[in-house]
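Read off the chains here:
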Amino acid sequence: MTPDLVIRGGTVVDGTGAAPISADVAVTGGTIAEIGRVAARGARELDAAGCLVTPGFIDIHSHSDFTLLVDPRAVSAVKQGVTLEVIGNCGFGCAPIGDPELAMDNIYGVTDAVTLSWRTIAGYFDTLTAARPAINVLTLGPNGQLRRATVGVADRPATPDELAAMTRLLEQGFDDGAFGFSTGLEYPAEVGVPESEATALCRVVARRGGLYATHTRDRDARAVEAIEEALRTAETTGVRLQISHLAPRSGEAATEQSIALVERFRARGLDVAFDMHTRRFGTTMLSAMLPPWATGARA
Ligand SMILES: [Zn+2]
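Owing to the predicted nature of the structure, the values given are computational and were not obtained by experimental measurement.

S.K.: What is the right way to read the overall build of the protein chain from this model?
M.R.: Looking only at helices and strands, the protein chain has nine helices and twelve strands in total. For 299 residues, the compact-globule formula gives about 19 Å, and the C-alpha radius of gyration of the protein chain, at 21 Å, lands near that figure. Overall size of the protein chain, expressed as C-alpha extent along the three principal axes, is 70 × 45 × 35 Å. Look at the contacts in the protein chain between residues 6 or more apart in sequence, and 73% of them connect residues 24 or more apart. Counting every atom, the protein chain has about 14,400 Å² of accessible surface; 55% of that belongs to carbon and sulfur. The protein chain carries 27 positive and 36 negative side-chain charges, and their two centres are separated by 1 Å.

S.K.: When you look at the nonpolar core in this model, what are you seeing that I'm missing?
M.R.: Here is a general trend for soluble globular proteins: nonpolar side chains tend to be buried in one another's company. Core analysis: the biggest nonpolar cluster contains 53 residues, and Trp118, Tyr124 and Leu231 have the highest contact counts within it. When contributions to this core are tallied by element, the ones reaching two or more residues are α1 (67-70), β7 (82-87), α4 (121-131), α6 (160-175), α7 (195-207), α8 (223-237), β11 (240-243) and α9 (252-267).

S.K.: Is there a simple way to explain the pattern of salt bridges in this structure?
M.R.: Note that side chains of opposite charge can pair when their charged atoms are close. The tally for this structure, following the rule as stated, stands at 17 salt bridges. Across the pair Arg217 and Glu229 runs a salt bridge whose closest N-O atoms are separated by 2.8 Å. Linking Arg217 in the loop between β10 (211-215) and α8 with Glu229 in helix α8, this pair joins segments that are twelve residues apart in sequence. For Asp220, the salt bridge identified is with Arg249, shortest N-O distance 3.0 Å. With a gap of 29 residues between them, Asp220 in the loop between β10 and α8 and Arg249 in the loop between β11 and α9 connect regions that are remote in the sequence. With a relative accessible area of 26%, Asp220 lands in the partly exposed category.

S.K.: Please explain the domain arrangement of the protein chain as it appears in this structure.
M.R.: Often, the extent of an interface is quoted as the loss of accessible area upon association of its parts. Taken domain by domain, the protein chain consists of domain 1 (5-53) and domain 2 (57-295). Taking only C-alpha atoms into account, the centre of domain 1 sits 36 Å from that of domain 2.

S.K.: Help me understand the sheet that holds β7, please; the structure alone is not making it clear to me.
M.R.: Adjacent strands of a sheet pair through backbone hydrogen bonds, lying either parallel or antiparallel. Taken together, seven strands build an open sheet; the order of strands is β6-β7-β8-β9-β10-β11-β12 and the sheet is parallel. Looking along the sheet, the strands with just one partner apiece sit at the ends: β6 (57-59) and β12 (272-274). The mean angle between the axes of side-by-side strands here comes to 25 degrees, regardless of whether they run parallel or antiparallel. Summarising the sheet, strand β8 (residues 136-142) and strand β9 (residues 180-184) pair through three bridges and their orientation is parallel. Directly across from Leu140, in β9, lies its bridge partner Gly180. This element, α7, spans β9 and β10 of the sheet and lies at about 150 degrees to β10. Packing of α8 onto the sheet brings it into contact with β10, β11 and β12, and relative to β11 it is tilted by some 165 degrees.

S.K.: Looking at this model, I keep getting lost on the pairing of strand β3 (residues 31-36). Mind explaining?
M.R.: One face of the sheet, then the other: side chains in a regular strand alternate in exactly this way. Pairing analysis gives five bridges linking strand β2 (residues 21-28) to β3, with the strands arranged antiparallel. Across the sheet, Val27 pairs through a bridge with Ile32, a residue of β3. The antiparallel pairing of β2 with β3 creates a hairpin that spans two residues between the two strands, and Gly29 there sits at a positive phi of about 60 degrees.

S.K.: Mind showing me how you'd approach α6 here?
M.R.: Since there are 3.6 residues in each turn of an α-helix, residues three or four apart along the chain are aligned in direction. Between its first and last C-alpha atoms α6 spans 22 Å; for 16 residues at 1.5 Å apiece the expected length is 22 Å, and the two agree. When we look at burial in α6, the residues that qualify are Glu162, Ala165, Met166, Leu170, Glu171, Gly173 and Phe174. Where α6 is buried, its residues meet α4, α5 (143-148), β9 and α7.

S.K.: Can you walk me through a nonpolar patch on the surface in this structure?
M.R.: A cluster of nonpolar side chains, Ile21, Ile32 and Ile35, forms an exposed patch at the surface whose accessible area comes to about 290 Å². Its location among the elements puts Ile32 in strand β3.

Parameters at a glance
- Residues numbered from 1 in each chain as written.
- Predicted model: local features only at pLDDT ≥ 70, side-chain atom pairs only at ≥ 80, totals over all residues.
- Heavy atoms only, no water.
- Helix = DSSP H or I, 4+ residues; strand = E, 2+ residues; numbered from the N terminus.
- Rg over C-alpha atoms; globule rule 2.2 N^0.38 Å.
- Contact = heavy atoms within 4.5 Å.
- Areas by Shrake-Rupley, 256 points an atom, 1.4 Å probe, with all protein chains shown as cover.
- Lys, Arg positive; Asp, Glu negative; His and termini not counted.
- Charge placed at Lys NZ, Arg CZ, Asp CG, Glu CD.
- Core = buried A, V, L, I, M, F, W, Y, C linked by side-chain atoms within 4.5 Å.
- Buried < 20%, exposed > 50% of the residue type's maximum accessible area, 1.4 Å probe, protein only.
- Salt bridge = Lys/Arg side-chain N within 4 Å of Asp/Glu carboxyl O.
- Domains from an automatic or database assignment.
- Pairing = 2+ DSSP bridges.
- Axes fitted to C-alpha atoms, helices over the stretch in contact; angles between N-to-C directions.
- Expected span 1.5 Å × (residues − 1).
- Patch = residues over 30% accessible without salt bridge, like charges linked within 9 Å, V, L, I, M, F, W, Y side chains within 5 Å.

Encoded structure:
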């Protein structure tokens, strides 16, 4: 039988942790049919000599929510071997939307190139599907949008009614196919979120089997305490946790301490991981450094 594609002569790294092997990979009907010395000639042949052949990479921390609608080719991802992006990170994302004017501040790279015609994660997915992105996408339900749609941008905890409304939006997000929930506790719309509020929402996430990804409350002097808060939230609720861009701006000692803390909780059986980015101490928007009142937040 003629394979549809043979990727020939590359070094296969299969992602299981196994040692790299020199092998051909035959693909038929969209699945890998053979790994080894493939004798048959493929309908297409790809010379991979000198290249690594790997499964597609997962980008656990993407902010391409809006830009995928503008340019669904996702060239920067594909060129790096990324085939799946997790969006909706840091409390930012394209849905749910209450007031579109307010929601726009909470979408990375937003322009008027695409009208915010949807209100729910299902509506966003419909628009994204119609754009036919070149990569696979999972989304988190972003807390910054849950808050904007209920509390607005205010430096205070949600009232019980507002928390109930946020819970309903989060549940609807899961019904719509969300993969989890994210917070951006350093940002103006979320600095007023007490630990108890994030914990209440994470109980929903745990019940729905979702992932909780958090851009922690503080990444400067109190960075380690903020990571400890995230770990506590996960341990209290039983949610799976991803600490986003673990990179305290206060220096390497804080980074070492943070990693040791994560390892301690992992040893206790907590399902927690973290990601890092390539900038040594991280960057973000200026608004994260300003007191909430200076960014238009209501008291
Ligand atoms: Zn972030």
